[in-house]
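Summary of the model geometry
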Amino acid sequence: MMESNKFDLVGFIPLLRERIYSNNQYARQFIISWILVLESVPDINLLDYLPEILDGLFQILGDNGKEIRKMCEVVPGEFLKEIKKNPSGVKFAEMANILVIHCQTAVLKQLGIRIQKNEVGPLPDTMHTQRKSPNRSQA
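Residues numbered from 1 in each chain as written. Predicted model: local features only at pLDDT ≥ 70, side-chain atom pairs only at ≥ 80, totals over all residues. Heavy atoms only, no water.

Some details on the packing of aromatic side chains
Taken as a whole, this structure holds two aromatic pairs when the rule is applied. Between Phe12 and Trp34, the aromatic rings sit 4.9 Å apart at their centres with planes inclined by 40°, giving tilted as the arrangement. In this pair, Phe12 sits in helix α1 (residues 9–19) while Trp34 sits in helix α2 (residues 25–40), placing the two residues 22 residues apart along the sequence. Since its relative accessible area comes to 16%, Phe12 is described here as buried. Take Trp34: its relative accessible area is 28%, and that puts it in the partly exposed class. Relative to Trp34, the ring of Phe30 has its centre 6.3 Å away and its plane inclined at 80°; by these criteria the two rings are edge-to-face. Of the two residues, Phe30 and Trp34 are both situated in helix α2; the distance of four residues between them amounts to about one turn of the helix. A network of ring pairs unites the aromatic residues Phe12, Phe30 and Trp34 as a single cluster. (Phe/Tyr/Trp six-rings, centres within 6.5 Å; stacked < 30°, edge-to-face > 60°. Helix = DSSP H or I, 4+ residues; strand = E, 2+ residues; numbered from the N terminus. Buried < 20%, exposed > 50% of the residue type's maximum accessible area, 1.4 Å probe, protein only.)

In structure tokens, the structure reads:
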């Protein structure tokens, strides 16, 4: 029998993409650990697969468990370091919609908290868009 020292990243990513949506805290810890380990291996470019796992990472960042969130907060920083090193290799177009959706969700969540606390004031600039309507003459 022949042994291989190569890790099958292409075969692993679909499993990671599927399991990243688990609600089980231990599974989430395991998934984040795998992502951090893979990101730390110099011969593996996980940025190629970031669009496939980004939504799941944001889901984990929204976890109620403080430990899970704290553990996951490291991951975007690691990816950002890699993006700064090689921005031309990043699939920004594939991630844009995911980023927009999660940014909107974060702003709406913040607004909901403010409403619950009766602290509603001016909306954040990201949500506050005013449309100027043409002046209509009064007849």
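There is more to say after this.
Overview of α2
Spanning 16 residues, α2 covers 23 Å between terminal C-alpha atoms, matching the ideal 22 Å at 1.5 Å per step. Looking at the buried residues of α2, the elements they touch are α1, α3 (50–61) and α4 (66–85). Regarding α2, its N-cap is Asn24, as a side-chain oxygen of that residue lies 2.7 Å from the backbone nitrogen of Tyr26 further along. (Expected span 1.5 Å × (residues − 1). Contact = heavy atoms within 4.5 Å. Polar contact = N/O pair within 3.5 Å; in protein donor to acceptor, adjacent residues only side chain to side chain.)

Thoughts on the nonpolar core
Counting residues in each nonpolar core, the largest one holds 26 residues, and the members touching the most others are Ile35, Leu46, Leu50, Ile53, Leu57 and Phe79. Looking at this core, the elements that each hand over two or more residues are α1, α2, α3, α4 and α5 (92–116). Sequence-distant contacts of Leu57, that is, excluding residues within four places in its chain, are made with Ile20, Ile32, Ile35, Leu50, Cys72, Val75 and Phe79. (Core = buried A, V, L, I, M, F, W, Y, C linked by side-chain atoms within 4.5 Å.)

A short note on the side chain of Glu39
Here Glu39 shows up in helix α2. Buried within the structure, Glu39 lacks any salt-bridge partner; Lys85 is the closest side chain of opposite charge, at an N-O distance of 7.4 Å. Among residues more than four places away in sequence, those in contact with Glu39 are Leu46, Glu78, Phe79 and Glu82. (Lys, Arg positive; Asp, Glu negative; His and termini not counted. Salt bridge = Lys/Arg side-chain N within 4 Å of Asp/Glu carboxyl O.)

Some thoughts on the packing of α2 against α3
Two numbers describe a pair of packed helices, the interaxial angle and the distance between the axes. As a packed pair, α2 and α3 sit with axes 12 Å apart at the nearest point and diverge in direction by 130°. With respect to each other, α2 and α3 are oriented oblique. Every pair of crossing elements has a handedness; the one defined by α2 and α3 is left-handed. Residue-level contacts link Arg28, Ile32 and Ile35 of α2 to Ile53, Leu57, Gln59 and Ile60 of α3. Here the residues of the contact of α2 with α3 are counted per class, giving five nonpolar, one polar and one charged. (Axes fitted to C-alpha atoms, helices over the stretch in contact; angles between N-to-C directions. Parallel < 35°, antiparallel > 145°, perpendicular 65-115°, else oblique. Left-handed = near helix turned anticlockwise from the far one by under 90°. Nonpolar A, V, L, I, M, F, W, Y, C, P; charged D, E, K, R; others polar.)

That is the geometry; function is a separate question.
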